[in-house]
Structures are given as structure tokens and as C-alpha cells.
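One letter stands for each residue in the lines below.
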Amino acid sequence: MSIQDRIRGGAPLDLNRRGFLAIAGGAGVGLMVGFRPFPAEAEAAGGLVQFNPFVKVAPDGAITVVVKHLDMGQGPTTGLATLIAEEMDADWSQMRTEFAPADAKLYANLAFKAQGTGGSTAMANSWEQYRTAGAEARAALVKAAADKWQVAQGEIVVDKGVLSHPSGKRGTYGEFAEAAAKQPAPIGAPQETPYKDAAKFKLIGKEGLHRIDNDPKTDGTAIYTQDVKLPGMLVAAVAHPPQFGGKVKSFDDAEAKKVKGVEKIVQIPQGVAVLAKNTWAAFKGRDALKVEWDLSGAESRGSEELLKLAKEAVSKPGGAVATARGDVAGALKGAAKVIEADFTFPYLAHAPMEPLNCVIDLKPDGARLIYGAQFQSIDQPTVAAVTGLKPEQVKIETVWAGGSFGRRAVPTADYVAEAAAIAKAINGSNPVKLVWTREDDTKGGYYRPFYAHKVRAAIGADGMPVAWEHHVAGQSIFAGTALEAMAVKDGVDETSVEGASNLAYAVPNLKVELTTLKVGVPVLWWRSVGHTHTAHVVESVIDELAHAAGKDPVEYRLALLKDKPRHTAALKLAAEKAGWTPGAKPEKGKGRGVAVHESFNTVVAQVVDVTITKNGGVKVDRVVAGVDCGTVINPDVVRAQVEGGVGFGLGAALRDAITLEDGVVQQANFDTYEPLRMSDMPKVEVYTVPSDAKPTGIGEPGVPPLAPALANAIFSATGKRVRDLPLGDQKFTTA
Amino acid sequence: MIKLKINGEERSVDVDADTPLLWVIRDEIGLTGTKFGCGQALCGACTVHMDGQPVRSCQTMAGDVGDAQIVTIEGLVGANATPEGKAVQAAWRALDVVQCGYCQSGQMMSAAALLTENKKPSDDDINAALNGNVCRCATYQRIRAAVHDAARRLEA
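Caption draft 1: Molecular detail of the sheet that holds strand β5 (residues 69-71) of chain B. Residue and element names in this part refer to chain B. If you trace the five strands from one edge of the open sheet to the other, you get β2-β1-β5-β3-β4, paired in mixed fashion. Lying at the two open borders of the sheet, with one neighbouring strand each, are β2 (9-13) and β4 (53-56). Pairwise comparison of adjacent strand axes, ignoring direction, gives a mean angle of 40° for this sheet. With two bridges connecting them, strand β3 (residues 47-50) and β5 associate as antiparallel partners. Note that in β5 the partner of histidine 49 across the bridge is valine 71.

Next comes the structure, spelled out in C-alpha cells:
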């Protein structure tokens, strides 16, 4: 594969090499068909040279990295800039970033073959692509310097963005950018491996590189969707039906129209939109609407009823088979001891700090959208379908997202389609910013589905597991979406069983079944997807088996993970750093638990220490994590993601649940759906296993082990197993 | 018309007295560093200082501000930064506190207000002062460390 192919991820592209390179001062923009630099300031700055879809160099030497992934806090701007800076031997202070426009030909996620951010793939899929792009830009600039200085390319050294030659000649990237772009193709020496050997890394894996988004996020200047303001823009708030699947029957907007600042009120498929000159007027107008809803086709069941259906489903065999090996029934019959355990999990909302929103400016010949876009390859055609435009007429500009945890990437593009429907309903008379309130966000669906699990697991006379029978029931996040055919095979949505169907432990007889329930509540991936529940079940049950066998939980796991070196290394690291002593009993009122789980090709082990408080509550004191995520690109971002994953998992485990009564969501704001708060946050320590393998995911893998390690810690303190999440108000007594 | 003193400047805005200060700051004055998170004083993303005290601007009505001096994140760390603002910002950057960043203006406003009152806060003091500021990225451990770091910077 050529260098260009690697940069493009092998996507066919109808451009010659020269076309990619020759963008100097805007003069060559016409050669970049379909590529529009963003943001506009960069174009206006002038003299900016674009070397490939990912690298631009300004006359002052600033290197701008075009970031193809949404940064919702997980840090791909820092990570991708590190890859380019490493290959260009740049100084960290000269690095800038901007988000890529919607253009799947140039900016596809190579793990998806579509433009989007998710599955903890941002760095893994870009690892070779961005380094190649950086190496190519460096080669072109060195060639330009060599030509000017009349020296051999190989004699030029680049350090911290400064080019130098033993003759004493020195120069900056900015000085050579224009000349480099004018070179006839091909430039640079073609090499099999254009990027550096790991031994030569100066930035990748090194401590001390600060996040590239530190400054704008600590002075109030970072622009999120909520902060976008276009001339003539109206702010829209939408009255949604009180139950999923409800429709507008009729509405009375007489009072809403009286609200100062309200300009337009329109019906859309999603409800009734109130458009106003400012956000507060839009909210007030929306509150003054009187809408009569047609709920005849709406989901009207409650979550207790739904959970009962799931529990009934797992109480008997008959699900679609996700995995089967050996003779589970036979092994259960002949086993020394059988453990049967039932688990339940509620719906969970993502609840990002920035409630959902989207800006759209619809014109007859095109639409411009500005928002924290996470799944451009879905959003772009969806907006086209809603507005009657062609997909290529829909331009998407991405801005910082105030969290997401999966919520901004939706197979139905729900909130983006809603913004487009409003723009269409007003015939594009004004740019529109759709703003959801916290209540809209909490009640808006697209939850982590509820699930029930039943496991019957058995140990033999030696205490080791001989059989594992596992039935999962709940909703599929892909059923009914455009991605169903791709994601659901033989009745099994892999994301409902991942983490269980590929059980890491050496159990000779294994069967995992899935019953998928049809419910009219929209569901979605939620940070770590299926692993949010499967890890809890697997790691709780394996702990029970260890206890039944009279073995230490860490040693028991290690014995079953002999052919899993990454699990073994992560688990040993966490245990060692936590000071795990096999067989040690915690002092009264204290508990310690462990879990290890692989997700997104990363293995994370966690040791959790808890205190049972005087009033029977649970206080998490310390969490020690051992992580194998392949090559670490930025050690501090890796630590931050695991710290955040622990906090995200802990909030859900302690108290979060979305419940429905007669189809109506019972939670609305942070009082009834209360995220983890500072006083709940334990001390978290994160350690990584040294590795020279390709980088794997890190945004999500910190979440799954937390709940089971916590539950196992509670067991060690109280003798009580936690099989239903969240813990809620239940009180514990110490053993 | 309502007159407000924001970041040392006097501003007149044509809003009803019952308009939340948050929306005056964001939509009328155009300072967008103060964030909308919940609208019910449950998350602290909209925290500003009113005569030095941290308040939730989403539940503070424009008509109730009167002569009070309002300071937003732009005033806390801008050209006329307070010593606490400077120290908090430096600490936040040194410890790479931010992830998505959306709540951090509010976190920094609460932290700076705490440090004005309490030069050497304990972990418990920090938990108490910042428990109303939600961070869904759960950067809490770093926030706590950064408040201690800012206190040391102020002492130096």
C-alpha cells in the first residue's frame, strides 16, 4: 500500500497526488475537490499550506492537525496532534488542532469504514494513518529545505520544529511550507515504513505533554454547540410527547405566542417547536404551549413490567444461541457444586453535561450544521433525507462536545433530524439552534437498555469451573435501525452479549443465550456498551465460584487466565499496586474486591476498597487499576480516561436508573437522576502494563470492571452479593 | 431596562426582571463561558460570583441582582484576573484537569470562591464547597488536587 493509501485508509479517491499537496494560500483549493478547510479563520489567516488531509503548516510554523474524531473529553485532539508532532519532530507548543468537516472519503474511521467516533477506536484506527501523514509532511518540508540549501535530505536534522544542517544552516517549517507544496510529485523518499521506530519516540508515551485543549477549556473561550450564534438565528425548544411513540393530535399556541421573543411555532414529526430570539423565551414559550397528544401507538408499559418480562425470559431456555461449547447440561448434572444467580440492570441515561443541541442553517442549495457531531456518516444522509437535499449538500462543522458517552452518535440521528425538521418547517427562514433542556435530555430516550441475566455455573471437585450456562434478556440497540443487518446475526445482537459470549475464563462447557425483547423505548450504546452489564455478571459469578471453591479471588482468576497474558498482566499489576494479599481478611467494616475485563481490545483490572458506613451505606475509598491498552500515546490522558471511567461506572452502580410508569419516564433532572458527585469520588490510581503493541481503546474500558469490583468488595465486607444495580438506598450490615 | 455590573463593566439589558441571570449573561451580553447544564441549580455549570459569593446564575433572576458585582469565568481569569482566578487557572492547566470541559468554568468559579474564604482547604472543605458542581467526566480527583495546588500557588 502506498503512503497516500495509508493516509486515506485505502479509500478510493479520485485525486492525484499533486492535488493533495498543492494547497498554498488558498490558490490550490480548487484541486481539493470536496475538501473544505475548517474553521474559516484558518482560511482567512492566509499562507496556510495543506500537505494532506490531516496536516497544515502556517508561515509562522504553526502546525494544524485536522482531527477526524469528535473530542467529547476523551482526548483525541491531544492524541492525534501527538502522532503528527512525533513524526514531524515538532515542538508541542507549535501544534494546533481543528475538527474535520463531514467527508467520509477523507475522514472515515478506518474501524467503521464510515465517519464517526465511538467504540474507543479514535487512536487505534488512526495510529498508522496519522503517523504516515506526519511523516509525509516532514519529508516534503525536508526536501524543500534540501533543495534550497543544496544539501542531501538525509543530512538535515529536525528537532522541535527547527530544521538544521551540519553546515550551520537553520530554518523553520513555516519558511519551507510554500516551497514544499510547489514541489512536483513525488516528493520524499518512498519507504516501506515511513514512520518512526518506537525506540525513537520523543513524545509518544512520554510524560509531561499537556492536553492541547487546556487553554480554551480553562478561560471560557472553548466553543460548544450551545455557544454558537449565527446572524438572525432563532433558538428552538420542542414539546415532545410524554410517552415514546406519541404524536401530536392538536395544539393551542395562543399563550405561547404572547411570550416576548417568541417568533414562530411549528409542528414537526417529533412534536411542536417554539422558536424565539433567545433561549429563555424559547423555554417559556414551550412551557406555555397546550398540546394534546395521540398516545394510541405509544409505549405504555412500566419498567417493572418490562423487567419482569426479561426475568421470565431468562428463567427458561430458548434464547438465540450466542456461544455454545461442550456439554453444559451434562457438566451441570455431574458437578460438585452449582451456583445460580439472577441479575438485573435498569435503563441508564448518558446525561452529558451539555444537554443535546444542534445548529442548522438551511438554504435552498445546501445546509450548514454546527454541533458536536459524532456520527457524520449517519447524520449527513439523514439531514439530506429530511430536507430534500443531496448528502453532499449537507455540510457539517464539528465543535467541542460537552460530553456524550455515546449519546451524540445515534443510528437514527434523532436530535440532528429534529433540528433539520424545524429548519425545514420554517423553510430555512432563519438559522436555528435546537436546545434541549436537562429534562428533555433525561426523558429523551436512547438509554442503555435494561437487562436481566441468569447464570448457572458449576465447579468440579477441584473447585475449578466446569460449566457456565448464561441467558441474557433485554433490548437490542441495533434492532429497527439502519445498522441492524450489519450488527444482528442469527438473532444475536453481539453488543447485548459481548463480554459474556467471549468469556475470557477457561470454562470447558459454556452456553450463552440471548432473548431480545421489543420495547418502544429507544435505546443506544452507553459508554462501554454491552460490557456495562456483562462484566458485572461475569465478574460477580467468577467471584462467587472462587468463594465456593475456597480460593483467593485473584489467584482463582489467574489460574483460569493462563492463556490470557494481557489479562494476567493487568490483574497482577492492579493486585500488586493495591497491595493485595491472598487470603487476607479486611478489618471489620471494610471490604476489598477485584474484577478484570477486556473491552475494546483493552484489558482493565480494578481493585476496589470500600467502607460500610455507620448508617449502612457504602463509601468507596480507593480504586487501583491495572491497564493493558497497548502502546500508551499520552500516559496522562490514559490515566484521566480510566479515572473518569471509574467515576462514570460508580455513579451508575451507586444510584442511577431511568424508570418508567405507564410509559412515562420518572426522572427529569439531576435531583432524580443524580450523577456521581465530588464527595463520592474515591482515590483512583492507574497503572499501565508496558507494551509495544498497537494502541487499543481507552475511553470506555475503565467502566466495566468498576461495578463488579465494587460488588465483590461489598461482599467481602458484608457477605451479601449485589446482583441488582443500582445499589440505591439499600443498607448493609458488616459481616 | 435592567442595569448590571459584569466583570467590572456596567451593562444595560432589555429583559424581564424574572429572566435568569444565566441567559442574560449568555444570550444578551454574549459571554458564553458560563454554561447551561440543568436550569435548576443542581449542577453548578452556571456558577458566577455575586459580590464574591458563588451563585447559580440559572436560579438568580436578573431583577434581583441590583448593584451586586457579577464576575464570570471571563472576568475571573481574563486581563483583570483575581489572584485566586490566576492560581486556579494555572493549577487546572498544570494538572490537566479538563476532559470535555463543559463544567469547568463552574468548577473554577466555585474553587476560586472557596480559596478567597479558606486559604488552606482540606479535602472535606473542597468536597463541601464543590459538591454542587457536577462533572460527568468525573474529573473530581484532579479538581481536588488542583484546588490544593492553587492554594499552594497563592501561598507562594
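Caption draft 2: Molecular detail of the sheet that holds strand β8 (residues 170-172) of chain A. All names here are of chain A. The three strands lie next to each other as β6-β7-β8, forming an open sheet whose pairing is antiparallel. Strands with a single pairing partner mark the edges of an open sheet, and in this sheet they are β6 (157-159) and β8. Pairs of neighbouring strands in the sheet enclose a mean axial angle of 25°, with direction left out of account. Where β6 and strand β7 (residues 162-164) come together, three bridges link them in antiparallel fashion.

Caption draft 3: Structural context of helix α13 (residues 414-425) of chain A. All names here are of chain A. The terminal C-alpha atoms of α13, which comprises twelve residues, lie 16 Å apart, in line with the 16 Å expected from a rise of 1.5 Å per residue. Burial of α13 is extensive: eleven of the twelve residues sit out of reach of the surface. For α13, the complete set of buried residues consists of Tyr415, Val416, Ala417, Glu418, Ala419, Ala420, Ala421, Ile422, Ala423, Lys424 and Ala425. As for α13, its buried residues are in contact with β9 (234-239), β11 (262-268), β12 (271-276), β16 (357-363), α12 (376-387) and β19 (432-435). Trailing α13 by a residue or two, asparagine 427 shows a phi angle of about 50°, which is positive.

Caption draft 4: The arrangement of the pairing of strand β25 (residues 590-599) of chain A in detail. Residues and elements named next belong to chain A. Of all ten residues making up β25, nine are buried, and the element is well covered by its neighbours. Pairing of β25 with strand β26 (residues 602-612) involves ten bridges; the strand directions are antiparallel. What sits directly across from valine 596, in β26, is alanine 605.

What counts and how
- Residues numbered from 1 in each chain as written.
- Chains lettered and ligands numbered in written order.
- Predicted model: local features only at pLDDT ≥ 70, side-chain atom pairs only at ≥ 80, totals over all residues.
- Pairing = 2+ DSSP bridges.
- Helix = DSSP H or I, 4+ residues; strand = E, 2+ residues; numbered from the N terminus.
- Axes fitted to C-alpha atoms, helices over the stretch in contact; angles between N-to-C directions.
- Expected span 1.5 Å × (residues − 1).
- Buried ≥ 20, exposed ≤ 12 C-beta atoms within 10 Å, placed from the backbone.
- Contact = placed C-beta atoms within 7 Å.

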